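Listed here are the chains, written in short residue letters.
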Amino acid sequence: MRTLILLFILLSGLVWEQSTPAFEVVSIKLAKSEASATGNFGCTGGPHSSDPGRITCNSTPIGALIAMAYGIAGNRLAGLKPPYPRFDIIAKVPDGATWDDVYEMWRNVLMDRFKLQVHREKRRMPIYLMVVAKGGVKVKHARDEANTDDSSALVPQLARLDRDGFPIAPSGSSVTSFRKNTAYFSASKITMEQFASDMESRLSIQQGLNMPVIDGTNLNGKYDFRLMWEVRRDSPDTEFAMFSALEDQLGLKLSRTDSQVEILVVDHVDKLPSEN
């Protein structure tokens, strides 16, 4: 009987250990150069990319890493007190890891190396509510094909372009590319809730509008999206280019209102990580 109990304990510990994904190697160093004010930072690589076994982050601030690890836009993160240094990071991804595994790995790295402590709470704040415009939605349901990854990847990928100049997004994800002053956005097999989150990130990063975008369309299922708009960083009407494109091309409208929104509050994070 004692032998059976001991064997059960050993097997339980083995299962627990195997169920906690971790990067094989993680190198975290202070960034060699600061990113520009236009948002010239971020991460590439990972599952279903051209470099699935490695994720490389250049000049990335700690806030962006936390937001990526918890799958939120930066404007839903509170409690950070800048300035925080930026980091160059190389992480080796184990074979067979999914995006859900990768996000959990990031969270574990942040808790282990930066002593990150967070909690969630709801706060009332201004938001953009995404609804169907008067003319009706113009987005097509995604084709009923096998989906290789249900996670919407926050890590930007270098993508091939189709004949119309739009990036080709992997299934379950979205990609934005830029030519001159025009943004080209594509998404494959994502929900309206995921699309609202994508628009929230684009408004925050590319046009400086730090407000949550909440899905109020009541549309279920997964869709394919293609959207293009003019990027007007220096214009007082910066938001209207994307808003007009959303309504004209997709039949979706963003309206300002107030609502309770769940945010992630940082209770503690070290400004520098522990040694590699």
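S.K.: Teacher, can you tell me more about the overall build of the chain here?
M.R.: From N to C terminus, the chain includes five helices and 12 strands. The buried share among the 276 residues of the chain stands at 44%. Look at the contacts in the chain between residues 6 or more apart in sequence, and 75% of them connect residues 24 or more apart. Carbon together with sulfur atoms contributes 52% to the accessible area of the chain, which is approximately 15600 Å² in total.

S.K.: Would you explain the sheet that holds strand 11 (residues 223-230) in this entry?
M.R.: Hydrogen bonds between backbone groups are what pair the strands of a sheet, and the pairing can be parallel or antiparallel. The antiparallel open sheet is built from four strands, whose spatial order is 7-11-9-8. What marks the edges here is a single partner per strand, and that holds for strand 7 (140-141) and strand 8 (173-179). Taken together, the seven bridges between strand 8 and strand 9 (residues 182-190) define a ladder with antiparallel strand orientation. Of the residues in strand 9, the one forming a bridge with V175 is S186.

S.K.: I tried to follow the nonpolar core on my own but got confused; where do I start?
M.R.: Side chains of nonpolar character tend, in soluble globular proteins, to be buried together. By size, the foremost hydrophobic cluster in this structure holds 32 residues, and its most contacted members are F23, I55, I66, I89, W106 and L110. Sorting the residues of this core by element identifies strand 1 (25-30), strand 3 (54-61), helix 2 (62-70), strand 5 (86-92), helix 3 (99-113) and strand 12 (252-268) as the ones contributing at least two each. Among residues more than four places away in sequence, those in contact with F23 are I55, A91, K92, V93, P94, V102, M105, W106 and V109. With 26 residues, the next largest nonpolar core counts Y128, A187, M192 and V231 among its residues.

S.K.: What exactly am I supposed to notice about the pattern of salt bridges here?
M.R.: Pairs may arise between side chains of opposite charge once their charged atoms sit close together. Under the definition given, this model contains seven salt bridges. E262 is the partner of R120 in a salt bridge, and the nearest nitrogen-oxygen pair spans 3.6 Å. Placement of the pair is R120 in strand 6 (residues 117-132) and E262 in strand 12, with a sequence separation of 142 residues. Given a relative accessible area of 42%, R120 falls into the partly exposed group. Where R123 meets E121, a salt bridge forms, and the shortest distance between an N and an O atom there is 2.7 Å. Given a relative accessible area of 35%, R123 falls into the partly exposed group. Residues participating in the shared-partner salt-bridge network are D162, D164 and R226.

S.K.: Looking at this model, I keep getting lost on helix 2. Mind explaining?
M.R.: Helical periodicity: at 3.6 residues per turn, an α-helix aligns residues three or four positions apart in one direction. Buried residues dominate helix 2, accounting for eight of its nine residues. Taken residue by residue, helix 2 has I62, G63, L65, I66, A67, M68, A69 and Y70 as its buried positions. Of the residues trailing helix 2, G71 is marked for its positive phi of about 65°.

S.K.: Honestly, the packing of aromatic side chains in this entry has me stumped. Any pointers?
M.R.: Throughout the structure, instances matching the rule amount to eight aromatic pairs. Arranged with centres 4.0 Å apart and planes meeting at 5°, the rings of F195 and F225 form a pair that is stacked. A residue pair is termed long-range when its members are at least 10 positions apart, and F195 in helix 4 (residues 192-207) and F225 in strand 11 qualify at 30 residues. The pair F195 / F225 is uniform in exposure class, with both members buried. Each member of the aromatic cluster is reached from another via a ring pair, and the members are F185, F195, Y223 and F225. The residue whose ring lies beneath R179 is Y184, and the NZ or CZ to ring-centre distance is 4.1 Å.

S.K.: Even after reading the chapter, I still don't get the confidence of the model for the chain, so can you show me in this structure?
M.R.: Predicted coordinates in regions of low pLDDT should not be interpreted in detail. With 79% of its residues at a pLDDT of at least 70, the chain reaches an overall mean of 80. Of all helices and strands in the chain, the one with the weakest mean pLDDT is helix 1 (residues 2-18) (47), whereas strand 6 scores best (94). Low confidence marks residues 35-40, where pLDDT is under 50. Its contacts with residues over four positions away, or in another chain, come to five contacts.

Procedures and definitions
- Residues numbered from 1 in each chain as written.
- Predicted model: local features only at pLDDT ≥ 70, side-chain atom pairs only at ≥ 80, totals over all residues.
- Heavy atoms only, no water.
- Helix = DSSP H or I, 4+ residues; strand = E, 2+ residues; numbered from the N terminus.
- Buried < 20%, exposed > 50% of the residue type's maximum accessible area, 1.4 Å probe, protein only.
- Contact = heavy atoms within 4.5 Å.
- Areas by Shrake-Rupley, 256 points an atom, 1.4 Å probe, with all protein chains shown as cover.
- Pairing = 2+ DSSP bridges.
- Core = buried A, V, L, I, M, F, W, Y, C linked by side-chain atoms within 4.5 Å.
- Salt bridge = Lys/Arg side-chain N within 4 Å of Asp/Glu carboxyl O.
- Phe/Tyr/Trp six-rings, centres within 6.5 Å; stacked < 30°, edge-to-face > 60°.
- Lys NZ or Arg CZ within 6 Å of the ring centre and 35° of its normal.
- pLDDT = per-residue confidence, 0-100.

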